[in-house]
Amino acid sequence: MIDGKALGALVRATLRTRIAQSGRKVRLDAVLVGNDRSAAIYAQNQAKNCAEAGIEYHLHTLPAASGYDEIAGRILLMNTEDSIRAIMLHVPLPAGIDAERVQSLIAPEKDVEGVNPANIGNVVYGRRSLVPCTALAALEMIESTGITLRGARCVVVGASNIVGKPIAVLLMRSEATVISANKFTANISSLTREADVVIAAAGVAALVKPDWIRPGAVVIDVGINRVTGADGKGVTVGDVDPAVAEVAGWMSPVPGGVGPMTVAMLLRNVAEAALR
Ligand code: NAD
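Parameters and conventions
- Residues numbered from 1 in each chain as written.
- Predicted model: local features only at pLDDT ≥ 70, side-chain atom pairs only at ≥ 80, totals over all residues.
- Heavy atoms only, no water.
- Near = heavy atom within 4 Å.
- Polar contact = N/O pair within 3.5 Å; in protein donor to acceptor, adjacent residues only side chain to side chain.
- Areas by Shrake-Rupley, 256 points an atom, 1.4 Å probe, with all protein chains shown as cover.
- Helix = DSSP H or I, 4+ residues; strand = E, 2+ residues; numbered from the N terminus.
- Nonpolar A, V, L, I, M, F, W, Y, C, P; charged D, E, K, R; others polar.
- Salt bridge = Lys/Arg side-chain N within 4 Å of Asp/Glu carboxyl O.
- Buried < 20%, exposed > 50% of the residue type's maximum accessible area, 1.4 Å probe, protein only.
- Contact = heavy atoms within 4.5 Å.

A. The site of the ligand, seen in detail. Neighbouring residues of the ligand: 21 residues in total, closest Ala159, Ser160, Lys183, Val222 and Ile224. Residue Ser160 places a side-chain N or O atom 2.4 Å away from an oxygen atom belonging to the ligand. A distance of 3.1 Å separates an oxygen atom of the ligand from a polar backbone atom of Lys183. Contact with the protein chains hides 69% of the accessible area of the ligand, taken as 860 Å² for the molecule alone. Considering each element in turn, the shell around the ligand owes the most residues, three residues, to helix α9 (residues 258–275). Across the shell around the ligand, the residue classes tally to 11 nonpolar, nine polar and one charged.

Pasting the structure below:
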């Protein structure tokens, strides 16, 4: 198992030392609009994670009734503040406000989630600084297994702008041979069975089955799906059937895999933005 919690804790400890040694103050400024419960819980956890890494956390809350102009105005103001070096926007935004449009206003050098199209472009051009955090987490977890990516056959199941596509590009940059699959790809299991690395990022519970995987392959599960468990209660599962663990050489669990590592990668991006 690739333990995302342990890897994440290691990243936070390393950051803490790096930030302390820099002698500089590192802070993350997050914008939360409205009263979405899951976003508020996420923000609370983020404050805790920041503290553990020695990062100050400033939460800017805007009322649920805020319109595009108010949210955009706040972001633009934060872009001009010298003391603010790292900005993120909690989603979802209130209904009717296009999150991508707001995200594209975040100054690229302060965009620690890597959601401004300029940063996605930087990923393609090979500048690694502010890469979307989930993609970075997946890559770090693959690298933690010690596999040589150059020449490795990788299949990324799922091709969204913020997860699947950046993962595929990061793998291409490591000179892997990459197949990007999506819901229209025919017979995906025939592709994954040939792969050294399979990344599941489709948002479909238990999509990847044991007979999709070559024995010994690295399997990274990005999926986060809420399903009803046998006891009738809600449970979080990934895109990979847990039975894949019997076949894979390495596998990241859900929960406790890509999720906590993504949080750690955000903090690393915060340090990058602040200390560069
Ligand atoms: P999305 O819905 O934007 O994109 C899904 C992609 O998967 C699309 O390219 C679609 O064509 C493809 N797809 C859908 N069904 C498929 C199928 N049956 N076979 C092959 N491909 C299929 O989703 P997203 O935002 O990329 O998120 C994907 C998953 O990752 C979700 O479960 C999401 O909750 C999770 N996620 C996790 C993290 C994390 O930190 N762990 C972060 C972001 C997203």
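B. Fine view of the pattern of salt bridges. Across all of its chains, the model carries nine salt bridges by this definition. Salt-bridge contacts for Asp196 lead to Arg214; the nearest nitrogen and oxygen are separated by 2.8 Å. One end of the pair, Asp196, is in the loop between α8 (188–192) and β6 (197–200); the other, Arg214, is in the loop between β6 and β7 (218–221), and 18 residues separate them in sequence. Asp196 sits in the buried class, given a relative accessible area of 15%.

C. View of the side chain of Thr145. Tracing the backbone shows Thr145 in the loop between α6 (133–143) and β4 (153–157). A distance of 3.3 Å separates the side chain of Thr145 from the backbone nitrogen of Ile147, its partner in a polar contact. Sequence-distant contacts of Thr145, that is, excluding residues within four places in its chain, are made with Ile2, Val218 and Trp250.

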